[in-house]
Amino acid sequence: MTAPERRAGGRRAAHRAPERALLAEARALQPRTLALRRVLHRVPEVGLTLPVTQAAVLSALRELPLQIDTGRDCSSVTAVLRGARPGPTVLVRADMDALPMTEDSGVPFASEVEGAMHACGHDLHTAMLASAARLLCGRRERLAGTAVFMFQPGEESAHGARTMIDEGLLSADGPGGVPESAMALHVTSRLAAGTLQTRPDSIMASSDDLHVRVTGRGGHASAPQDALDPVPAAAAMVGALHTMITRRVSAFDPAVLTVAHISAGTTTNVIPETALLEGTVRTLSEETRARVLDEIRQVCTGVATAYGCTCDVHIEVGYPVTVNDPDVAERLADVGRSVLGSRFVEPMPDPIMGSEDFSYVLSRVPGALAFLGACPTDVDPAEAPPNHSNRVVFDEDAMVAGVALYSGYVLDALRPG
């Protein structure tokens, strides 16, 4: 029994039965949820092409009364459940891809694929959504509208959500029509298991990659006056870029710029012709994002000119800011309070400067992303290896809460009028 199940009795008796029933149904499905999660964890796949993962999801959904579609240009799965009565469409998402890293978690079902690991919990998301689809199929008669279950590949930097949108996921002619609202859950090892956190407005940052090539003129290291050394210019750019962030960006609409890679030269006695800077830029509003990217170009060009060099600034545009619709975020929190109990729903004090490609969905559909705690009960969340660590471990029991939350959101959104 999960902690939310044990503590659900502290709420009004009028609501106790349906709350306990939903958690109980999710608990009854836990063997299926657990089995799928562990299958996926053993065979992680990276990027947009996930044939083994896709096949496992299709097998989990087999024989359910769902309309199933798969992607043309990626290994996506879209499953549509039409309720017994007409009504709006609601979309719920799980991401399926893994990270290109070698696992060192010590779990008995660790990755069997060298150099790939489910280090961000997407295997939990996928298993939870598959079980939620099964639970909701059993409650089809209570639904007035359509539920779209979005199983997406390529969340980790491959723009999988955008690919599915380009293939018509959110269009009027799409699998379930235009969604009225959307939601997604993301597990985290840094939050107590079974705890839900979300917030209105910006919840995760945009993400853009910076590549700057500084070009001078090579020469002998003993005669720098006969060359144009790009290394001092590149070094000056790092300081100037960081100063720009602190002096040109409001502390109340923050941005993060990190130069994470510098390379130049091949040996000790040669001044190279070029130097390369690479890094990441994160912002919490599209307005600040546009301004920062413009300032980066100006700073780099100005510094290069001051040192007699030239530079080429290339910004690889990544994910937009993830912005929760305030009304949907509050509705999702209400569902959490109803399903899990008020003590398990916490306000999220600050956004996260990581990025999420669910932002593509939220830029088109009112919706919300929320975080579900999955820290093992014998570990202090503050000390737990975080998502994206090769040692991260998630409490699988938290999936019961996840299944109930996915299901509760759909039931609330498609409640007969």
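Quantities reported herein were computed from a predicted structural model and do not represent experimental measurements.

Draft legend 1. A look at the packing of helix H9 (residues 326-340) against helix H11 (residues 398-413). Their axes nearest at 9 Å, the elements H9 and H11 cross at an angle of 120°. Between H9 and H11, the interaxial angle falls into the category oblique. In the crossing of H9 with H11, the sense of the turn from one axis to the other is right-handed. When H9 is examined against H11, the residues Val328, Arg331, Leu332, Val335, Gly336, Val339 and Leu340 are found in contact with a partner set consisting of Ala401, Ala404, Leu405, Gly408, Tyr409, Asp412 and Ala413. Across the contact of H9 with H11, the residue classes break down as 10 nonpolar, 2 polar and 2 charged.

Draft legend 2. A look at helix H3 (residues 30-42). Over its 13 residues, H3 runs 18 Å from end to end, which matches the ideal 18 Å to within 8%, given 1.5 Å per residue. Buried within H3 are the following residues: Gln30, Thr33, Leu36, Arg37, Leu40 and His41. Buried residues along H3 cover an arc of 135° about the axis, so they all sit on one side.

Draft legend 3. Spotlight on the nonpolar core. By size, the foremost hydrophobic cluster in this structure holds 71 residues, and its most contacted members are Leu61, Leu66, Phe149, Phe151 and Tyr406. Top element by residues in this core is H11. It accounts for 12 residues. Filtering out sequence-adjacent residues up to four positions away, phenylalanine 151 remains in contact with Val57, Leu61, Ser76, Val77, Ala94, Met96, Thr126, Leu129, Ala130 and Met164. Ala234, Val249, Leu277 and Val292 belong to the second largest nonpolar core, which has 26 residues in total.

Thresholds applied
Residues numbered from 1 in each chain as written. Predicted model: local features only at pLDDT ≥ 70, side-chain atom pairs only at ≥ 80, totals over all residues. Heavy atoms only, no water. Axes fitted to C-alpha atoms, helices over the stretch in contact; angles between N-to-C directions. Helix = DSSP H or I, 4+ residues; strand = E, 2+ residues; numbered from the N terminus. Parallel < 35°, antiparallel > 145°, perpendicular 65-115°, else oblique. Left-handed = near helix turned anticlockwise from the far one by under 90°. Contact = heavy atoms within 4.5 Å. Nonpolar A, V, L, I, M, F, W, Y, C, P; charged D, E, K, R; others polar. Expected span 1.5 Å × (residues − 1). Buried < 20%, exposed > 50% of the residue type's maximum accessible area, 1.4 Å probe, protein only. Arc of directions from axis to C-beta. Core = buried A, V, L, I, M, F, W, Y, C linked by side-chain atoms within 4.5 Å.

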